[in-house]
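The chain contents come next:
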Amino acid sequence: MTGAIFRVMLLALVRDRGALAMAFIVPTVFFLVFASIFAASSGGDYRPRVAVSIAADAPDVDAFLTALQADDGLTITATARDGEADVRTAVKRGRADVGLAILPSETGQRPRFTVIVDPARDVAAQVLRANVERAFAMAYVIPPSMAVSAAGFSPQVALETVAGGPSGTNEVAYSAGAVALLFLLLSAVHGAVSLFDERDSGVLERIVAGPGGTRPLVDGKFLYLTVLGVAQMAVIFALAWLVYGVDLPASLAPWTVITVAASAAAAGLALTLTTLFNTRQQALTFANVTVLILSALGGSMIPRFLMPPLLRQLGWVTPNAWALEAYTSVFWRGDPWSTLVLPLTLLTAVAGGGLLLARRNIRRLETL
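Treat the numbers as computed from the prediction; the structure is a model and nothing was measured.

Caption draft 1: Fine view of the nonpolar core. In terms of nonpolar packing, the biggest core is built from 56 residues, with M233, F237, L271 and F331 touching the most fellow members. Secondary structure elements with two or more residues in this core: α6 (167–192), α7 (194–201), α9 (215–244), α10 (252–274), α11 (280–298), α13 (319–331) and α14 (341–365). Apart from the residues within four sequence positions on either side, F237 is in contact with A173, A176, G177, L248, W255, Y327 and F331. Listed in part, the 34 residues of the second largest apolar core include A51, A67, Y140 and V162.

Caption draft 2: Region of the structure containing the packing of α11 against α13. The geometry of α11 relative to α13 is characterised by a closest axis approach of 7 Å and an angle of 40 degrees between their N-to-C directions. Between α11 and α13, the angle is such that the two are oblique. You can see that α11 and α13 cross each other, and the crossing is right-handed. Here L294, S295 and G298 of α11 lie close against α13, whose contacting residues are N320, A321 and L324. In the contact of α11 with α13, the residues fall into 3 nonpolar, 3 polar and no charged.

Caption draft 3: Looking closely at the packing of aromatic side chains. Evaluation of the coordinates by the stated rule reveals 8 aromatic pairs. Judged by centre distance (6.1 Å) and plane angle (90 degrees), the rings of F113 and F136 are edge-to-face. Of this pair, F113 sits in strand β4 (residues 111–117) while F136 sits in helix α5 (residues 122–141), and the two are 23 residues apart along the sequence. Judged on exposure class, the residue F113 and its partner F136 are both buried. A ring pair is formed by Y327 and F331, whose centres lie 6.4 Å apart and whose planes are at 35 degrees; its orientation type is tilted. In this pair, Y327 and F331 both sit in helix α13, 4 residues apart, roughly one turn of the helix. Just as Y327 is buried, F331 falls in that class too. Every member of this aromatic cluster is reached through a ring pair, and the members are F237, W255, Y327 and F331.

What counts as what
- Residues numbered from 1 in each chain as written.
- Predicted model: local features only at pLDDT ≥ 70, side-chain atom pairs only at ≥ 80, totals over all residues.
- Heavy atoms only, no water.
- Core = buried A, V, L, I, M, F, W, Y, C linked by side-chain atoms within 4.5 Å.
- Buried < 20%, exposed > 50% of the residue type's maximum accessible area, 1.4 Å probe, protein only.
- Helix = DSSP H or I, 4+ residues; strand = E, 2+ residues; numbered from the N terminus.
- Contact = heavy atoms within 4.5 Å.
- Axes fitted to C-alpha atoms, helices over the stretch in contact; angles between N-to-C directions.
- Parallel < 35°, antiparallel > 145°, perpendicular 65-115°, else oblique.
- Left-handed = near helix turned anticlockwise from the far one by under 90°.
- Nonpolar A, V, L, I, M, F, W, Y, C, P; charged D, E, K, R; others polar.
- Phe/Tyr/Trp six-rings, centres within 6.5 Å; stacked < 30°, edge-to-face > 60°.

In C-alpha cells:
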C-alpha cells in the first residue's frame, strides 16, 4: 500500500507541469539569482565603476593611469580632461560608483587625488583608494618588479562626498523605500489570491452574471490594493520621518506621486501573476517567489551597485528599481520633477498593463 501511494503521488507530480516547475525549476532559478548577488556583495566580484577626471595642469599621469587600468578590481567608465564637475554629477546620479579627480600637487612632480563618493557607496571609495595607492607606487615610487610591496606607499588622497543630505538620513530613506516596496508586493500578492476564494465560494459566478462581467471585480481589487499599498508606504515613511529625520513633509508632493504609481504597479503585477494559474497554491507560490526575485534584482534586499554587471542591468526590468530610483532622486539627490518622468512612466505602464492582463486572464477562472 505504501508503494502504491508513493507511485500515485509521483505520477501526479510528473503529470502536473506547474507542480514540477514549483518543485525544481523555480527553486533553481531562485538559488542562482541569490547566489550571484551574495557572491558579488561579499566583495569577490565587486568591481566599482570609476569616472576619472584629469586637471589640465596635472603632471604627466600616463604611467599612473596605465597601472590603474591594469588592475582588474576596477572598471574605468570614463576618463576626461577638466571634467571634475562631470565626475561629481556621474557619482551623484549613480552612473559611476565612485569618482577620481587627478590634480596637481604643490611640488608639481606627482599628482594628488580626490576620491569623490556617495556616502552610501563607501565600499567603492575604499576599493578605489587601495587601487590608487598601488598604482601610484608602481608609477612613481617603485619598479613593476616590486609591485607586491606597492601598498606601503601612500599618495595624497582626499575624500569628497556628494549627496543631497546627511549620509545616515539618506540611507534611512533608501531603506524605507526598499523595505516598503518588498512588503508592498508581498501584500499585493496575498490580496490578489483572494480571487480564488471568491471563485470557490461562488461569488465570481454571481459577478459574471452581472452587467459588467468580471471587470468590476478586477478593477475593485486593483483599487483596493493600490490604496492599501499607499497606506503601507505612508506608515513606513512616516516612521522614517518621525524617528530618523527623513524630510518627508518637504517632499510630500513627489513622494505621493511616486507612491501611488508604485502601489498601482504592485497591484497590477500581483493580479497578473495570480490570474496566470488555476489554483490558489500554485498562484501564491509562484507569485511570492517572483516577487522575491524581482525585489532582489531591483535593490530591495541588497543595493544594486554591489551586484555583478549583468544582474545590475537586469534590475532595470523590475518595478523595484524604478521606484527606488525615483525615491532616491527625491530624498537623496534633491533632483527636480523632470527626473521622475521616466520612472513614473514605467511604473504607470506596469500598473496599466498588469490591470489589462488580469482582466483578460480572469476569464479563464470562470470556466474552472
